[in-house]
Amino acid sequence: MIAANNPSLRSWISVPEGSDFPIQNLPFGVFTKSGSTARVGTRIGDTVIDLSILTASGQLEVAGFTAEDFSQECLNPMMKKGKEATRRLRQALSDLFSTENHAAASNESIQKALFSVNEVDMCMPVQIGDYTDFYSSKEHATNVGIMFRDPANALLPNWLWIPVGYHGRSSSVIISGQDIHRPKGQIKPDDNEPPIFAASRQVDFELEMGFITYDGKPLGDSISTNEAEDFIFGMCLFNDWSARDIQKWEYVPLGPFLAKNFASSISCWIVTLDALQPFAVESPEQDPAVLSYLTFEGKKSYDIQLEVGLTPENTTEKIISNSNFKYMYWNMSQQLAHHTVNGCNVRCGDLMGSGTISGSTPDSFGSMLELAWKGTKPLLMNDGTERRFIQDGDTVTMRGYCQNNDVRIGFGEVKAKILPSK
Ligand code: MN
């Protein structure tokens, strides 16, 4: 077991009941404080910890790291050091902030590195190089197939053989809290008329999780399913915003383009794969048996509870979906093995989206398209209004956490409001 995951550990920093961030989490993020330069931090309870201050003052000494690695606008220089190094770093933070370390609590240099979450501004944690989005929920792919193609053949013939994906766009990946203007584009409201140029009338969210990679292998080499987790730094919540009307008209034959690249939101803190190990679970059974390079051993899925809240302006939030990352048919190790099987190289800071995470019941679907079933079953909001898609002024908030009898490891939230089109 990873020592920093020991459920009996407690921190001398207070952790509120039900917090996503006990000492067993120790996620990584980037923040600024009252206009200071950006720096790398971790979080315990509601306290953000500045790793650049700790390292510069000699309170945090980890082989392979200098203070400069943490005086950065992104986690990439830290992630460049690889899995063994970041594992040592997380362990050193666990040791420093554990109740075992009585002296640290009264150390003035350490106190100077601690800030309330309320006094810092979170930044994009990763300089994302390439962004790939998969389509790995069987329930989601089946629902979309039923609605848009053929209920009798909802899954396309390749779906059970290939972790289907497409290359997305990294420039429009944004951080939680940044709002989005409704996108404009070509839509075709009437099948018998030519397309029109207009603001999208069918803005939707996609409940996903993302994973961030370390440097992979050189171009031409492949990462096996058994090696894959050594190349995954951590995970975040991910909302892959989508304009369904733009998507429907443009997506044949090359897949999503402007329907997806106007914005994709990620949560502020990257939770390491190490911290998630206690929540590894078996993946769903795969039938037909997958090709040999996609076979894997052990528990490669993760039990992460997910929810989506929708808050129209001037009323309270309604929880409209409860799902779980463990429902995914294709796991991250299979996705990464497939991504590199042709020799494609992944790099430090690449982002991989899971694909919309839908469960088997209607209250666990991961998009408005499915929840309101193409507009035929509108959702009732707390103010009595109905939603088929996301309206101007609506805020979408996604949350995720793992929980067992001992510990809760959470991701916080990813949220954004849809503003009127520009
Ligand atoms: Mn997606």
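So, a few notes on the structure that sits alongside this text. (Residues numbered from 1 in each chain as written. Predicted model: local features only at pLDDT ≥ 70, side-chain atom pairs only at ≥ 80, totals over all residues. Heavy atoms only, no water.)

### A short note on the pattern of salt bridges
Here's step 1: Considering all chains together, one arrives at 21 salt bridges under this definition.
Here's step 2: Residues R399 and E307 are paired through a salt bridge, measuring 2.8 Å at the closest nitrogen-oxygen approach. Here R399, found in strand β25 (residues 395-403), pairs with E307, found in strand β20 (residues 305-311); they are 92 residues apart in sequence, far enough to count as distant.
Here's step 3: By relative accessible area, which is 22% here, R399 ends up partly exposed.
Here's step 4: Through salt bridges with shared partners, a single ionic network connects D204, E206, D240, R244 and K260. (Salt bridge = Lys/Arg side-chain N within 4 Å of Asp/Glu carboxyl O. Helix = DSSP H or I, 4+ residues; strand = E, 2+ residues; numbered from the N terminus. Buried < 20%, exposed > 50% of the residue type's maximum accessible area, 1.4 Å probe, protein only.)

### As for unusual backbone geometry
Here's step 1: The step from V252 to P253 runs through a cis peptide bond, and the omega angle for that step is 5°.
Here's step 2: You can see P253 is positioned in the loop between α6 (244-250) and β16 (264-266).
Here's step 3: Note that the residue after D287, namely P288, is joined by a cis bond; omega there is 10°.
Here's step 4: By the element assignment, P288 lies in the loop between β18 (280-281) and β19 (301-302).
Here's step 5: At S34, a position not held by glycine, the phi torsion is positive, near 35°.
Here's step 6: Here S34 is to be found in the loop between β1 (29-32) and β2 (39-44).
Here's step 7: Taking the relative accessible area as the measure of exposure, S34 reaches 65% and is therefore exposed.

### Examining the environment of E250
Here's step 1: Of note, E250 is situated in helix α6.
Here's step 2: Looking at E250, its side chain comes within polar contact range of the main-chain nitrogen of L258, at 3.0 Å. (Polar contact = N/O pair within 3.5 Å; in protein donor to acceptor, adjacent residues only side chain to side chain.)

### Side note on the sheet that holds strand β5 (residues 121-123)
Here's step 1: Here we have five strands laid out as an open sheet, ordered β4-β3-β2-β1-β5, and antiparallel in their pairing. Of all the strands in the sheet, just β4 (114-116) and β5 have a single pairing partner and so form its edges. Across the sheet, the mean angle separating the axes of adjacent strands is 45° when strand polarity is ignored.
Here's step 2: In this sheet, β5 lies alongside β1 in antiparallel orientation, the contact comprising three bridges. Its bridge partner lying in β5, F31 is registered against M122. (Pairing = 2+ DSSP bridges. Axes fitted to C-alpha atoms, helices over the stretch in contact; angles between N-to-C directions.)

### What to know about the layout of surface pockets
Here's step 1: In this structure, the largest pocket encloses a volume near 600 Å³.
Here's step 2: Y135, V164, Q247, Y251 and P256 are the residues nearest the centre of the largest pocket, which is lined by 30 residues in total.
Here's step 3: Elements supplying a minimum of two residues to the lining of the largest pocket: β6 (131-134), α5 (138-148), β7 (165-167) and α6.
Here's step 4: Within the lining of the largest pocket, the residues separate by chemical class into 15 nonpolar, seven polar and eight charged. (1 Å grid on protein atoms, 1.4 Å probe; cavity = no way out; pocket = protein on both sides within 12 Å on 5 of 7 lines; lining within 4 Å. Points joined across faces, edges and corners; volume = space filled by probe spheres on them. Nonpolar A, V, L, I, M, F, W, Y, C, P; charged D, E, K, R; others polar.)

### Remarks on the coordination of the manganese ion
Here's step 1: Only D133 (OD), E206 (OE), E208 (OE) and D240 (OD) from the protein reach the manganese ion as donors, at distances of 2.1 to 2.2 Å.
Here's step 2: Donor residues for the manganese ion, ordered by position in the chain, follow D-x72-E-x1-E-x31-D. (Donors = N, O, S within 2.8 Å, 3.2 Å for Na, K, Ca; no water.)

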